[in-house]
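Coordinate inspection notes
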Protein chains: 2
Amino acid sequence: MQNAWIISIGTELTLGQSVDTNAVWLARRLAEIGHRCDRHITAPDDLEPLVDTLRQAAAQADAVVVSGGLGPTDDDLTRVALARVAGVELAPNARSLAQIRAFFERRGRAMPERNAVQALLPRGAQAIENTCGSAPGVLLRLERALVFALPGVPFEMKRMFERDVAPRLSADSHGDVLLSRRLNCIGKGESDIGELLGDLMRRGANPEVGTTAELGTIGVRINAAGETRAIAEARLEKTEAEARRRLGALVFGRDEETLADAVGALLHACGTTLATAESCTGGLIGKLLTDTPGSSAYFKGAVVAYANEAKVELLGVDPAALRQHGAVSPEVAEQMACGARRRLGADFALSATGIAGPGGGTAAKPVGLVYIGLADGAGVQARELRYGADAPREAIRLRAANTALNLLRLRLLG
Amino acid sequence: MQNAWIISIGTELTLGQSVDTNAVWLARRLAEIGHRCDRHITAPDDLEPLVDTLRQAAAQADAVVVSGGLGPTDDDLTRVALARVAGVELAPNARSLAQIRAFFERRGRAMPERNAVQALLPRGAQAIENTCGSAPGVLLRLERALVFALPGVPFEMKRMFERDVAPRLSADSHGDVLLSRRLNCIGKGESDIGELLGDLMRRGANPEVGTTAELGTIGVRINAAGETRAIAEARLEKTEAEARRRLGALVFGRDEETLADAVGALLHACGTTLATAESCTGGLIGKLLTDTPGSSAYFKGAVVAYANEAKVELLGVDPAALRQHGAVSPEVAEQMACGARRRLGADFALSATGIAGPGGGTAAKPVGLVYIGLADGAGVQARELRYGADAPREAIRLRAANTALNLLRLRLLG
């Protein structure tokens, strides 16, 4: 495979004041088209580090994608640095200038004069057209490396990468391809999943298999290399099939598919509907379910009964059960689920009540104790979950929400 | 200020399969203790790139923080690379070995033999104790740079940084300090806020002021440098006061304070309570409110009425209004807010109903049309919001939720 470097420009990035989302996206896309990212360097808006970084990349990389530093202000130095490393002057590009003027005209404004610097190009370089912003990109060869400089705005960068960079690099990649896939799992920990995958995870294998723990879910990554896309795909599919065979119902989805997407697809396929009754999760389960477009087909709604009176008034929880067992109890979790199912007229209902912390815990009911309930036409069940009392509030809430969704998923799978 | 480099090690990082959260955290903490991060380099689990990167850092940086590559497996190469650059051998450190054994014993296990490699240190280096994991860190000088190698696990890295790295680097920083603060704003766009800040944003000023657009909110960053912490703090506070004077009620919070935190603090201070009635936001407003610990003091609950029957049954929306105006209408938004306020017994209620897309839009009611409602003892009002039909579902939902929360914030501010 070809060797690519990614260079991100911006003092807000080196100082940790903004998070660079471009690099992760670029690294994945580069791998898919046969360029393995071997270095990612973030440099501030200063000329010297930028020149220094470009010199190294020119000597060591086959392809370089730079993002950022193409704006119209004094701290936008990518054009100057490229010209310096190439040992040439900057000169205005008439076509780019016309495109920048047209960009402003479409928005009903005259081009501010300072934007004219964005049409400067190192002599011998080509402009990469930007159809959705004012900064054109730059394409030039520096020693070994083919360098593409793109704007830092993610939307513009991605459009330009897909339209002009990817086709050019795909042609250069000598047919080598790296394809990746992630199987999303829930129900066991990372080491148990590692155990099940066994020899698939041996180092140096192709495809390469690795695991990553998220909050309550485990990602199984499969990277397959091949001389052509078809070969890599065949390897990927073979390993995916074997991993799925070993992991069974632990796998709920692939790549960006969420647990809520998976539950939604099952509900939709069965023609059934769902409601939720949420206390400690505060609407998170409903939010996760409605992240999925089209969820109105199976999601009836949620009652977020944070206060006890709301549990009684809106979900019909028995005040005696609240007095006797407390709001965080299996009895109340069950009554909440039954109430939501009845009031919202759904086939299934999930509930969650617990102590998300950091305050509110006692010796008998510590922070991290959560009860989830699942009601359907046949009855209701509650389950106790215990997370460490030092787990962050967000982690407790998300793990509880995911565990509740998984309880329903396993029920729907039969 | 001293010049620091951050080096992150891991093929999963260079390939974009995991997101590096350590670097952002390290860059911020380094700035606070007088070390300005000038380069962040991510290298794969291979010896050559790692040695190459460490050599450059040794020549150019005052301080280097490496994270990752200290595990017990063959692809953990940080120790080997450090020894190579220092030109020394690796030798076992008896104290580290004893600590690793003790770590496993505390978990009721014998140390696997392969973990013994984690006690190897380049000759002349010091071990940095890891109290919550098996990988000790490494401290050594390479030419100009003081190098700290820490594990990649965020929790362990942060503990070790605070306990051993920060005190050592603070002593080295010759008193120079960079302090940062963010003012979180809502209600106007980035260019309007830039206009209001005017000369505060001039380039090269100290403090330096910049803006970043998030989804519906704008962050105003202030970076103040000073010879001592007290000097930097005084500069920061003066500029913060001036920025707040110019921005007025646009500012809702500072640093990590969210809009839901700010609304919660106001509700709490007034001794009043809130409920929500959510359709297109699907529980997101409730989720945002209950992200704040202690929100049970003022948040009564939410009714997520995704289906029309739920709007009628749980919120008392008039079926005739649904037929006549449709679910996405100011009339229904108002009735939803009134219903949630009454049913949940709250002082205030917010509602949201709209078309989050990508499907479900019509010419009259396109994707991105949302109505929000606010009810209190005096009555109810609805407001129409229009987002571009090509805005992503998540953006429409989050902007609508934030606009609803801001409507209440401005009401509470009077």
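The coordinates are above.
These figures come from a predicted structure and were not determined experimentally. (Residues numbered from 1 in each chain as written. Chains lettered and ligands numbered in written order. Predicted model: local features only at pLDDT ≥ 70, side-chain atom pairs only at ≥ 80, totals over all residues. Heavy atoms only, no water.)

Some thoughts on the overall build of chain A
Note the following rule: Here a strand is any run of E in DSSP of at least two residues, a helix any run of H or I of at least four, and the numbering for each starts at the N terminus. To sort residues, take the accessible area from a 1.4 Å probe on protein chains only and compare it with the maximum for the residue type: under 20% means buried, over 50% means exposed, and anything in between is partly exposed. By the convention used here, residues are in contact when the closest approach between their heavy atoms is within 4.5 Å. Every accessible area reported is derived by Shrake-Rupley at a probe size of 1.4 Å, with residue values counting cover from the shown protein chains alone. Counting rule for charge: Lys and Arg are taken as positive, Asp and Glu as negative, and neither His nor the chain ends is counted. Where a charge sits is defined by one atom per residue type, namely NZ (Lys), CZ (Arg), CG (Asp) or CD (Glu).
Looking only at helices and strands, chain A features 14 helices and 17 strands. Projected onto its principal axes, the C-alpha positions of chain A cover 80 × 55 × 40 Å. For chain A, the proportion of its 414 residues judged to be buried stands at 56%. The long-range share in chain A, meaning contacts at least 24 apart out of those at least 6 apart in sequence, stands at 68%. A total accessible area of about 16600 Å² is found for chain A, and carbon and sulfur atoms account for 50% of it. Of the side-chain charges in chain A, 48 are positive and 49 negative, and the distance between the mean point of each set is 3 Å.

Considerations on the relation of the copies chain A and chain B
Which entries qualify depends on this criterion: To line up the copies, we fit them by least squares on C-alpha atoms, keeping just the residues with pLDDT of at least 70 in both.
Expressed as a screw transformation, the operator carrying chain A onto chain B has a rotation angle of 180° and an axial translation of 0.1 Å, and the superposed copies differ by an RMSD of 0.2 Å. This pairing of chains is accounted for by a two-fold axis. The share of interface residues of chain A whose copies in chain B are also at the interface is 100%, consistent with both copies meeting through the same surface.

Description of the pattern of salt bridges
Residue and element names in this part refer to chain A. Going by this rule: Put simply, a salt bridge is a Lys or Arg side-chain nitrogen that is within 4 Å of an Asp or Glu carboxyl oxygen.
Following the criterion strictly, the structure yields 42 salt bridges over all chains and no others. One salt bridge connects R163 with D164, and the closest N-O pair in it is separated by 3.4 Å. Residue R163 is classed as partly exposed on the basis of its relative accessible area of 44%. Shared partners join several salt bridges into a network, and the residues in it are R181, E240, R244 and R254.

As for the sheet that holds strand β2 (residues 35–43) of chain A
Rules: For two strands to be treated as a pair, DSSP must find at least two bridges joining them. Fitting a line to C-alpha atoms yields each axis, with helices limited to the stretch in contact; the angle taken between N-to-C directions then spans 0 to 180 degrees.
If you trace the 12 strands from one edge of the open sheet to the other, you get β6(A)-β7(A)-β8(A)-β3(A)-β1(A)-β2(A)-β2(B)-β1(B)-β3(B)-β8(B)-β7(B)-β6(B), paired in mixed fashion. Looking at the sheet topology across the chains shown, the edges are occupied by β6 (126–128) of chain A together with β6 (126–128) of chain B. The average undirected angle you get between the axes of adjacent strands in this sheet is 20°. Summarising the sheet, strand β7 (residues 137–142) of chain B and strand β8 (residues 145–150) of chain B pair through five bridges and their orientation is antiparallel. Residue pairing across strands places L142 of chain B opposite A145 of chain B, the latter belonging to β8 of chain B. Its contacts with the sheet place helix α4 (residues 78–86) of chain A against β1 (2–9), β3 (63–67), β7 (137–142) and β8 (145–150) of chain A, and it is angled at close to 20° to β7 of chain A. Sitting on the sheet, helix α6 (residues 154–172) of chain A touches β1, β2, β3, β6, β7 and β8 of chain A, and the angle it makes with β8 of chain A is about 170°.

What about the environment of R383 of chain A?
All names here are of chain A. Positionally, R383 belongs in strand β17 (residues 379–386). Measuring from C-alpha to C-alpha, the distance between R383 and A135 comes to 55 Å, with 248 residues separating the pair along the chain. Beyond its immediate stretch of four places on either side in the chain, R383 contacts V370, Y371, I372 and L407.

Focus on the interface of chain A and chain B
Spelled out, the test is: Each of two parts loses accessible area, computed with a 1.4 Å probe, when they are put together; buried area is these two losses added.
Chain A puts 66 residues into the contact, and the matching count from chain B is 66 residues. For the pair chain A and chain B, the summed buried surface comes to about 5100 Å²; carbon and sulfur atoms form 52% of the total. Its largest share of buried area at the contact with chain B, chain A owes to L15, Q17 and Y306 of chain A, together 12% of the area lost on that side. With a shortest N-O distance of 3.9 Å, K287 of chain B and E394 of chain A are connected by a salt bridge. Counting residues per element, the side of chain A that touches chain B draws most heavily on β2 of chain A, at eight residues. Note that β2 of chain A and strand β2 (residues 35–43) of chain B share three bridges and pair antiparallel. What sits directly across from T42 of chain A, in β2 of chain B, is H40 of chain B.

Remarks on the packing of aromatic side chains
Quick note on the threshold: A pair of aromatic rings is counted whenever rings of Phe, Tyr or Trp (Trp by its six-membered ring) have centres within 6.5 Å, and the orientation is called stacked for planes under 30 degrees apart, edge-to-face for over 60 and tilted otherwise.
Applying the stated criterion to the full structure yields six aromatic pairs over all chains. Arranged with centres 5.7 Å apart and planes meeting at 55°, the rings of F299 of chain A and Y306 of chain B form a pair that is tilted. Placement of the pair is F299 of chain A in strand β14 (residues 299–305) and Y306 of chain B in the loop between β14 (299–305) and α11 (308–315), with the two residues belonging to separate chains. There is no split in this pair, since F299 of chain A and Y306 of chain B are both buried.

What to know about the nonpolar core
Our working rule: Only buried Ala, Val, Leu, Ile, Met, Phe, Trp, Tyr and Cys residues count toward a nonpolar core, and they belong to the same one when joined by side-chain atoms within 4.5 Å.
Ranked by internal contacts, the top residues of the largest apolar core, which has 82 residues, are L405 and L408 of chain A together with L405 and L408 of chain B. Ignoring sequence-local partners within four residues, the contact set of L405 of chain A consists of L259, A260, V263, I285, L288, L289 and L350 of chain A.

Section: the packing of helix α2 (residues 22–32) of chain A against α6 of chain A
Packed helices, taken two at a time, are described by the angle between their axes plus the distance between the axes. Residues and elements named next belong to chain A. Stated precisely, the cut-off is as follows: Relative orientations are named as follows: roughly parallel for angles under 35 degrees, roughly antiparallel for angles over 145 degrees, roughly perpendicular for angles from 65 to 115 degrees, and oblique for any other angle. Take the far helix as the reference: if the near one is turned anticlockwise from it by less than a right angle, the crossing is left-handed, and if turned clockwise, right-handed. Gly is put with the polar residues, along with every residue not named as nonpolar or charged; the nonpolar set is Ala, Val, Leu, Ile, Met, Phe, Trp, Tyr, Cys and Pro, and the charged set is Asp, Glu, Lys and Arg.
Following both chains from N to C, one finds α2 and α6 inclined at 20°, their axes separated by 12 Å at the closest point. By the angle between their axes, α2 is roughly parallel relative to α6. For the pair α2 and α6, the sense of crossing is right-handed. Taken together, the residues of α6 that come into contact with α2 (itself represented by N22, W25, L26, R29 and L30) are P154, M157, K158, F161, E162, A166 and L169. Across the contact of α2 with α6, the residue classes tally to eight nonpolar, one polar and three charged.

What about unusual backbone geometry?
All names here are of chain A. With omega at 0°, the peptide bond leading from G357 into P358 counts as cis. Take P358: it is sitting in the loop between β15 (348–354) and β16 (369–376). One non-glycine residue, E143, lies in positive phi territory at about 50°. Within the secondary structure, E143 sits in the loop between β7 and β8. Residue class for E143 comes out exposed when judged on its relative accessible area of 60%. A positive phi angle, near 50°, is found at D255, a position not held by glycine. Structurally, the position occupied by D255 is in the loop between β12 (251–254) and α9 (259–270).

Looking at the side chain of E240 of chain A
Relative to the helices and strands, E240 of chain A is located in helix α8 (residues 229–247). Not counting chain neighbours up to four residues away, the residues in contact with E240 of chain A comprise R181, L183, I222 and R254 of chain A.

A look at the state of the cysteines
Defined as follows: Counting rule for disulfides: a pair of cysteine sulfur atoms within 2.5 Å.
Within the structure shown, the criterion is met by zero disulfides over all chains. Summary of cysteine pairing: C37 of chain A is not part of a disulfide, and the nearest cysteine sulfur, belonging to C37 of chain B, is at 18 Å. For C37 of chain A, a relative accessible area of 2% translates into the label buried.

As for the sheet that holds β15 of chain A
The strands that make up a sheet pair up through hydrogen bonds in the backbone, lying either parallel or antiparallel. The strand order across the open sheet formed by 10 strands is β17(A)-β16(A)-β15(A)-β13(A)-β14(A)-β14(B)-β13(B)-β15(B)-β16(B)-β17(B), and the pairing between neighbours is mixed. Two strands lie at the open edges of the sheet, namely β17 of chain A together with β17 (379–386) of chain B, each paired on one side alone. The sheet shows a mean angle of 15° between the axes of neighbouring strands, taken without regard to direction. Bridging between strand β13 (residues 274–278) of chain B and β14 of chain B involves five bridges; their strand directions are parallel. Bridged to A277 of chain B within β14 of chain B is V303 of chain B. Together, β14 of chain A together with β13, β14 and β15 (348–354) of chain B form the strand contacts of α11 of chain B, whose direction differs from that of β14 of chain B by roughly 145°.

Purely spatial values, then, with no claim about function.
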